[in-house]
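Coordinates in review
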Amino acid sequence: PSGSAKLGGGKLGRGKKLEKDPALATAEAATNLMHNLEQIRLAQANAELKRFQLLRRLDSIKTRRNFELGESALSSLNGIRAYFHHCSDMIDGVTPKLTRLQDKQAQSREKHDAQQAPWEIKQRSLTNAISEVGAKAASIGVIANAVSQGQLDDMDEDFISSQPTSLEEIESIVRFWELPQQLNIHSLYQRKLTPGVIVEGWLYKKSTNRLALNSWTRRWFILDRTGVYYLKGSGQNEGKGGNNSKNNVSKDWMERVKVCDILLCTVREINCKIKGNPNVRFCFEIISPNSKSYMLQACGPNDYKMWVAGIRACIEQQLTHGKIPPDNMLMGAGKPTKKFGKNDNVQTESIFFEKDDDDDDTDGGKSGGGSSNRGLFDDYLDDSNSSRTSGIRNPVVSQILRANPVCADCGNRDPDWASLNLGIILCIECSGVHRSLGVHVSKVRSLRLDTMREFEYNLLLSMGNDKVNKIWEAGLHHQKGWTKPSGGASRKAKEEWIKSKYLWKGFLEYRSEDGREHVDRVAKFSSDLFEAARRCDLSAIAEALAKGGSVEWKNKEEGGKTALHICVVNRPAEDSDVDSWKGVECAELLIQNGAKLDADDFDHHKVLDCAVLGNAKREMIEYLSSKAGV
């Protein structure tokens, strides 16, 4: 630059070459860095606002769905009521249901409106906090600009000399890592932890391959009480030589790769000052004798402390309260864990993961952050809690899956969902259709993810797809134009089939003696249900229920007992096989279809009272006691 600068009395002279004071240069660098950091904070705060608005929109859609679908259903029902006004019996049956539905929809709308107030308050709070961040960023930007241009008229030497010189001091002054606490809204939309996970979040993993283009790759790491894992795209190294559809599908799945066993690893903190490398800030190393070392970098001091403390706490918990490790533990680390539903030789556990088109697994973005439980081991001291995600460990589940290799409604292989009250095994797509029918038609559970009681598993094992389909599809040959959909059929075709089969009961087979009118059939099959319950005939009970038998029907000739009353007093004959007795399964099937334990007979005896007075089997009394919570 032309001209000269003479530093005297805080003013600049002319005529000589500009020479900057070292303190001035340091102050300029510090203020420029502070300005850059403030700009980053402002960008992060604005990104937080966008996230907030997105989550608010998603929450609004979720709550609106309840009453909008209900209002649409109400509109349809009101149309039906107007059309069938001449049918007084139907009007009498529909009107109370409409009233209840209207009350529920009004409550849903009121709930939705009430839920908007906290979101509004939080948004105003977030906007105010962002405004404060923006004002401070603008202020420090003015100061940085003034220092960089040498406009020091309003600045004394103490201000210049007092500027911080280290990155840590500047971060502390700017409160760079305190932004989530400053915004004070993160608790409103915290990500829910995966069951069984202690800590999870983004970490940067240093590659050991010297030829890698990116030495650091971002991975989603998971810590549970047995080990450390990270997710890796299973299709990352596949499908390069062709357009195979299988390869394209595999790219949407993630492998859960095991880093180490928690009992055999240790965590070592990396001090960037000792290393002399500022790029290893917030780094720690996981060292294990049965795998290679992993150099990991957290996205900030809070995440760094959370991961290091979490791993050490998990190690301590396992050493003090854990079980003895298996002999083959040294053989499992560093490899992908087992994949469900595939050959046992393939050691990967697949997790479905939807990627955006522009999403890159090796993304170097800086949107980190993990999540931690309120207490690291609050949910893990009781072994029963750990079984929530391990239903497959129950040997009965394996028997159920082997006995029902295909879906009951479409023939898809390897189904792992069940309908408890129907006693069938379904694929995931058909289970979604069943769930839409309502719990009064089908009670859907996952055999792998949900925890069920032993008698529920035994009911599914005793029923099964073959027995149930013989009942529900017995009259299919009378219905022209209907064929059972295959596994590759569209969802619409499966939905039409399932609704026709279970909701409208279009494929049941009735005999002439069953009656023509609905009232006659209910009376006939309610009596059949009572007699089947007396014999503890599981298939006959299922058939009577499917054809309209009522679990609330009381037999006046038997003292006003229901089918459940008579079922619980049944005992196997002395000359019969005890293992073939299905009394508990029959009682469970009746209860799953609406039978009440507190139903009274004419003597005011409830179901458990009848079991005790009728000298029922010990297994039946214990079962009823557990169901009643006695």
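Residues numbered from 1 in each chain as written. Predicted model: local features only at pLDDT ≥ 70, side-chain atom pairs only at ≥ 80, totals over all residues. Heavy atoms only, no water.

1. Observations concerning the overall build of the protein chain
Helix and strand counts for the protein chain come out as 19 helices and 12 strands. Burial statistics for the protein chain: of 630 residues in total, 39% are counted as buried. Partitioning the contacts of the protein chain with sequence separation of at least 6, the portion at a separation of at least 24 is 65%. Surface exposure of the protein chain reaches about 36,800 Å², of which carbon and sulfur atoms provide 51%. (Helix = DSSP H or I, 4+ residues; strand = E, 2+ residues; numbered from the N terminus. Buried < 20%, exposed > 50% of the residue type's maximum accessible area, 1.4 Å probe, protein only. Contact = heavy atoms within 4.5 Å. Areas by Shrake-Rupley, 256 points an atom, 1.4 Å probe, with all protein chains shown as cover.)

2. Details of the pairing of strand E6 (residues 283-287)
The two faces of the sheet receive side chains in turn, since in a regular strand these alternate between them. Judged by how many residues are buried, E6 sits mostly within the fold: four of five residues are covered. Where strand E5 (residues 266-269) and E6 come together, four bridges link them in antiparallel fashion. Residue Thr-266 lies in a different strand from E6, and its bridge partner there is Ile-287. When E6 meets strand E7 (residues 294-297), the two strands line up antiparallel, connected through four bridges. When the sheet's bridge partners are listed, Phe-284 is paired in E7 with Leu-296. Turn length for the E6-E7 hairpin, with the two strands adjacent in sequence and antiparallel, is six residues. (Pairing = 2+ DSSP bridges.)

3. Some remarks on the pairing of strand E3 (residues 227-233)
In terms of burial, E3 is largely enclosed, as six of its seven residues are buried. Taken together, the three bridges between strand E2 (residues 216-223) and E3 define a ladder with antiparallel strand orientation. Note on E3: the bridge partner recorded for Ile-222 is Tyr-229. A loop of three residues connects E2 with E3, the two strands running antiparallel in sequence.

4. Re the pattern of salt bridges
Enumeration over the complete set of coordinates arrives at 27 salt bridges. Note that Arg-268 and Glu-285 form a salt bridge whose closest N and O atoms lie 2.1 Å from each other. Placement of Arg-268 in strand E5 and of Glu-285 in strand E6 is noted, with a sequence separation of 17 residues between them. Taking relative accessible area as the criterion, Glu-285 reaches 12% and is therefore assigned buried. Each of Asp-409, Glu-473, Lys-484 and Lys-501 takes part in a single network of salt bridges with overlapping partners. (Salt bridge = Lys/Arg side-chain N within 4 Å of Asp/Glu carboxyl O.)

5. Some remarks on the packing of helix H17 (residues 583-592) against helix H19 (residues 618-628)
As a packed pair, H17 and H19 sit with axes 9 Å apart at the nearest point and diverge in direction by 30°. Taken together, H17 and H19 sit at an angle that is classed as roughly parallel. Once H17 is placed against H19, the crossing between them reads as right-handed. In this structure, H17 uses Gly-583, Val-584, Ala-587, Glu-588 and Ile-591 to contact H19, whose residues at the interface are Glu-619, Met-620, Tyr-623 and Lys-627. Here the contact of H17 with H19 is built from residues that sort into five nonpolar, one polar and three charged. (Axes fitted to C-alpha atoms, helices over the stretch in contact; angles between N-to-C directions. Parallel < 35°, antiparallel > 145°, perpendicular 65-115°, else oblique. Left-handed = near helix turned anticlockwise from the far one by under 90°. Nonpolar A, V, L, I, M, F, W, Y, C, P; charged D, E, K, R; others polar.)

6. Examining the sheet that holds strand E12 (residues 444-446)
Read from one edge of the open sheet, three strands run E11-E10-E12, paired in antiparallel fashion. On the outer flanks of this sheet lie strand E11 (424-426) and E12, each paired with one strand and no other. On average, each strand axis in the sheet is tilted by 35° relative to the strand beside it, whichever way the strands run. Note that strand E10 (residues 417-419) and E11 share three bridges and pair antiparallel. Residue Ser-419 lies in a different strand from E11, and its bridge partner there is Ile-424.

7. What to know about the packing of aromatic side chains
Under the counting rule described, the total for this entry stands at 11 aromatic pairs. Consider the rings of Trp-482 and Trp-497, whose centres lie 6.4 Å apart with planes at 55°: the pair is tilted. Highlighted residues: Trp-482 in the loop between helix H12 (465-472) and helix H13 (491-503) and Trp-497 in helix H13, separated in sequence by 15 residues. For Trp-482, a relative accessible area of 33% gives the class partly exposed. Summarising the aromatic geometry, the rings of Trp-482 and Phe-507 are spaced 5.3 Å apart at their centres and angled 70° between planes, so their arrangement reads as edge-to-face. Within this pair, whereas Trp-482 is found in the loop between H12 and H13, its partner Phe-507 is found in the loop between H13 and helix H14 (518-535), the two being separated by 25 residues in sequence. Judged by relative accessible area, Phe-507 falls into the buried class, the value being 2%. By way of ring pairs, the aromatic residues Phe-221, Tyr-230 and Tyr-294 are connected into one cluster. Lying across the ring of Tyr-229, Arg-256 places its NZ or CZ 4.4 Å from the centre. Here the guanidinium or amino end of Lys-547 rests over the ring plane of Tyr-510, the centre of that ring lying 5.8 Å away. (Phe/Tyr/Trp six-rings, centres within 6.5 Å; stacked < 30°, edge-to-face > 60°. Lys NZ or Arg CZ within 6 Å of the ring centre and 35° of its normal.)

8. What to know about unusual backbone geometry
Despite not being glycine, Cys-536 shows a phi value in the positive range, around 55°. Structurally, the position occupied by Cys-536 is in the loop between H14 and helix H15 (538-546). Backbone geometry places His-604, a non-glycine residue, at a positive phi of 60°. Note on placement: His-604 falls in the loop between H17 and helix H18 (607-613). Using a relative accessible area of 63% as the deciding quantity, one classes His-604 as exposed.

9. With respect to the packing of H14 against H15
Where H14 meets H15, the axes come as close as 8 Å, and the angle between the chain directions of the two elements is 160°. With respect to H15, the axis of H14 lies roughly antiparallel. Crossing geometry of H14 relative to H15 is assigned as left-handed. For the pair formed by H14 and H15, the contact residues are Phe-525, Asp-528, Leu-529, Ala-532, Ala-533 and Arg-535 on the first element and Ala-540, Ile-541, Ala-544 and Leu-545 on the second. Classifying every residue of the contact of H14 with H15 by side-chain character gives eight nonpolar, no polar and two charged.

10. Here's the deal with helix H9 (residues 395-403)
Among all positions in H9, only Val-396, Val-397, Ile-400 and Leu-401 are buried. Burial along H9 is one-sided: seen end-on, the buried residues are contained in an arc of 140°. Residues of H9 that are exposed and point over 90 degrees away from its buried face: Pro-395 and Arg-402. Tucked inside the fold, the buried residues of H9 contact E11 and helix H11 (454-462). (Arc of directions from axis to C-beta.)

11. A closer look at the side chain of His-565
Turning to its location among the elements, His-565 is positioned in helix H16 (residues 563-568). Residue His-565 is classed as buried on the basis of its relative accessible area of 0%. There is a polar contact of 2.8 Å between the side chain of His-565 and the side chain of Thr-562. With residues up to four places along the chain from it excluded, the contact list for His-565 reads Ala-599, Asp-600, Asp-601, His-605, Lys-606, Val-607 and Cys-610. (Polar contact = N/O pair within 3.5 Å; in protein donor to acceptor, adjacent residues only side chain to side chain.)

That's the geometry; what it means functionally is another story.
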